[in-house]
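Summary of the model geometry
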Amino acid sequence: MQHMELEVIQRSIGWIEQQQPIWLCTVLNTYGSSPRGPGAMMSAISAGQFSGSLSGGCVEDDFLERIANGEFRQPSQIVRYGAGSPRTSVTLPCGGSIDVLVEYLQPGEESLNHLRHIENALKGQGQWVKRVTLPNVSQLPEPCQRGSGPVVEHHDNEVTLYLGAVTRIIIAGLSSVGQYCAQFAAALGFEVIICEPRPEVMENFAHLDMPILDIFPARYIEQGGVHPNTAIVALTHDPRMDDLTMMEAVHTPAFYIGVMGSERTSAKRRQRLTDIGELTQDQLSRIHAPIGLPIGSKTPAEIGIAIVADIVRVKNGM
């Protein structure tokens, strides 16, 4: 499944190519409970079409009405919705508020170049930083090097947006736990890659409304399917599948690598990976095994929650 923000940018490129101006919106700050976090994007055109979301549906209609009425024609500005907003008729059901950067992009090569830089960043082609001094046109995104941290910095009229690959999860082989991991990760906005080469297993999960790649996970990883914002999880209990996945995964920049199994099973796997895979202690230390937060999970759904929660914990630097 493709990440929502990447879909927003690609749809925006299409509109600009059709000579339509667009409004590119980015959530800067959230206060209280808000359904979309900083960095979330939406784009829209005056005809009322839009891609993405700012609030999960609470404010989009109002925003579209306002651009149809000729508002937001400055190159950049910040709009607040929810508590503290002058639009008292529009409230967030959750009771929070959001600040949104609104950029008005006219058709042309400058806008296309701007959007394609963002697209490349979201696809994992490096880390980029974009700076906006309100109410001016934003600077073209530039390469940068950074670790974890906020994706948005906002001080007075200065806005800095850090752009990088959307979080990707590679599920190496399907299982009942893998199914729930895929669904929970998709709900969090991850790009979900499922690799499953076994025909009999694919048949069992034909009901899963997600694309499944007919490729051995280790091969997909070997072919470059991993960027630094990638999590790799092996959840099949099939040593051939799980062990080979781990042997490839440790040679990648993935921020999270994990494999399912009890303490005893994990100890045996570590021994195999040492004896057969010739993995070093440093490489073994990158593997989360047993995988997931220790919440006493028993059912596939509970185990899936524990795994995805652990990935979020590591992603957020905790």
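Residues numbered from 1 in each chain as written. Predicted model: local features only at pLDDT ≥ 70, side-chain atom pairs only at ≥ 80, totals over all residues. Heavy atoms only, no water.

Now for the overall build of the chain. A tally of helices and strands in the chain yields 10 helices and 14 strands. Counting only C-alpha atoms and orienting by the principal axes, one finds that the chain spans roughly 65 × 40 × 40 Å. Within the chain, the proportion of its 318 residues that are buried is 48%. Residue pairs at least 24 apart in sequence account for 63% of intrachain contacts in the chain once pairs closer than 6 positions are excluded. Carbon and sulfur atoms form 50% of the exposed surface of the chain, whose accessible area is close to 14800 Å². Across the chain, the mean location of the 24 positive side-chain charges is 4 Å away from that of the 34 negative side-chain charges. (Helix = DSSP H or I, 4+ residues; strand = E, 2+ residues; numbered from the N terminus. Buried < 20%, exposed > 50% of the residue type's maximum accessible area, 1.4 Å probe, protein only. Contact = heavy atoms within 4.5 Å. Areas by Shrake-Rupley, 256 points an atom, 1.4 Å probe, with all protein chains shown as cover. Lys, Arg positive; Asp, Glu negative; His and termini not counted. Charge placed at Lys NZ, Arg CZ, Asp CG, Glu CD.)

Attention shifts here to the pattern of salt bridges. Throughout the structure, instances matching the rule amount to 16 salt bridges. Between glutamate 71 and arginine 66 there is a salt bridge, with the nearest N and O atoms lying 3.1 Å from each other. Arginine 66 sits in the buried class, given a relative accessible area of 10%. One salt bridge connects aspartate 242 with arginine 269, and the closest N-O pair in it is separated by 3.9 Å. Separated by 27 residues along the polypeptide, aspartate 242 in helix H7 (residues 239-249) and arginine 269 in helix H8 (residues 263-275) bring together distant segments of the chain. The residues aspartate 242 and arginine 269 share a single accessibility class, namely buried. (Salt bridge = Lys/Arg side-chain N within 4 Å of Asp/Glu carboxyl O.)

Omega for the bond connecting leucine 134 with proline 135 falls within 30 degrees of zero, at 0°, which places this linkage in the cis form. With respect to the helices, strands and loops of the structure, proline 135 is situated in the loop between strand S6 (128-133) and strand S7 (142-143). In this structure, the amide linkage connecting alanine 289 to the following residue, proline 290, adopts the cis form with an omega of 0°. Turning to its location among the elements, proline 290 is positioned in the loop between strand S14 (287-288) and helix H10 (300-315).

To describe a pair of aromatic rings, you give the distance between the ring centres and the angle between the ring planes. Within this structure, the stated rule accounts for three aromatic pairs. Ring geometry for tryptophan 23 versus tyrosine 104: centroids 4.8 Å apart, planes at 35°, classification tilted. Of this pair, tryptophan 23 sits in strand S1 (residues 22-31) while tyrosine 104 sits in strand S5 (residues 97-105); the two residues are 81 residues apart in sequence, bridging distant segments of the chain. Tyrosine 104 matches tryptophan 23 in its accessibility class, with the two residues each being buried. Arranged with centres 5.1 Å apart and planes meeting at 15°, the rings of phenylalanine 63 and phenylalanine 72 form a pair that is stacked. Looking at phenylalanine 72, the relative accessible area reads 5%, which means it is buried. (Phe/Tyr/Trp six-rings, centres within 6.5 Å; stacked < 30°, edge-to-face > 60°.)

Judged by pairing direction, the sheet is antiparallel, and its four strands sit side by side in the order S7-S6-S9-S8 without closing on themselves. Looking along the sheet, the strands with just one partner apiece sit at the ends: S7 and strand S8 (152-155). Sheet analysis places S6 next to strand S9 (residues 158-163), joined by six bridges and oriented antiparallel. Opposite tryptophan 128, over in S9, you have leucine 163 as the bridge partner. Where helix H3 (residues 109-122) meets the sheet, it contacts S6 and S9, and its direction lies at approximately 140° from that of S6. (Pairing = 2+ DSSP bridges. Axes fitted to C-alpha atoms, helices over the stretch in contact; angles between N-to-C directions.)

Another aspect to go through is the nonpolar core. Counting 23 residues, the largest nonpolar core has Ile169 and Val233 as the members making the most contacts within it. Of all the elements in the fold, those that place two or more residues in this core are strand S10 (168-172), helix H4 (176-187), strand S11 (191-195), strand S12 (230-234) and H10. If we skip the residues at most four places from it in the chain, valine 233 touches Ile169, Ile170, Ile171, Ala172, Tyr256, Gly258, Ile291, Ile307 and Ile311. Of all hydrophobic cores here, the second largest spans 21 residues; its members include Cys195, Leu279, Leu284 and Ile287. (Core = buried A, V, L, I, M, F, W, Y, C linked by side-chain atoms within 4.5 Å.)

As recorded in UniProt, the sites labelled "domain: XdhC Rossmann" (unreviewed entry) are residues 169-311. Within the segment residues 169-311, helix and strand shares are 45% and 14% respectively, and the terminal C-alpha atoms sit 9 Å apart. (UniProt positions renumbered as here; feature names shortened; annotations may be inferred.)

Our focus in this paragraph is the environment of glutamine 139. Along the chain, glutamine 139 falls in the loop between S6 and S7. Put simply, glutamine 139 and serine 12 are 127 residues apart on the chain and 18 Å apart in space, counted from C-alpha to C-alpha. With near-sequence residues (within four places) excluded, glutamine 139 lies in contact with His114, Lys130 and Arg131.

Relative to the 22 Å expected for 16 residues at 1.5 Å per residue, H10 spans 22 Å between its end C-alpha atoms, a close match to the ideal helical length. All buried positions along H10 are accounted for by Gly304, Ala306, Ile307, Val308, Asp310 and Ile311. Tucked inside the fold, the buried residues of H10 contact S10, H4, S12, strand S13 (256-259) and S14. (Expected span 1.5 Å × (residues − 1).)

A separate point is the environment of valine 177. Take valine 177: it is sitting in helix H4. A C-alpha to C-alpha distance of 6.8 Å links valine 177 and leucine 235, two positions 58 residues apart in sequence.

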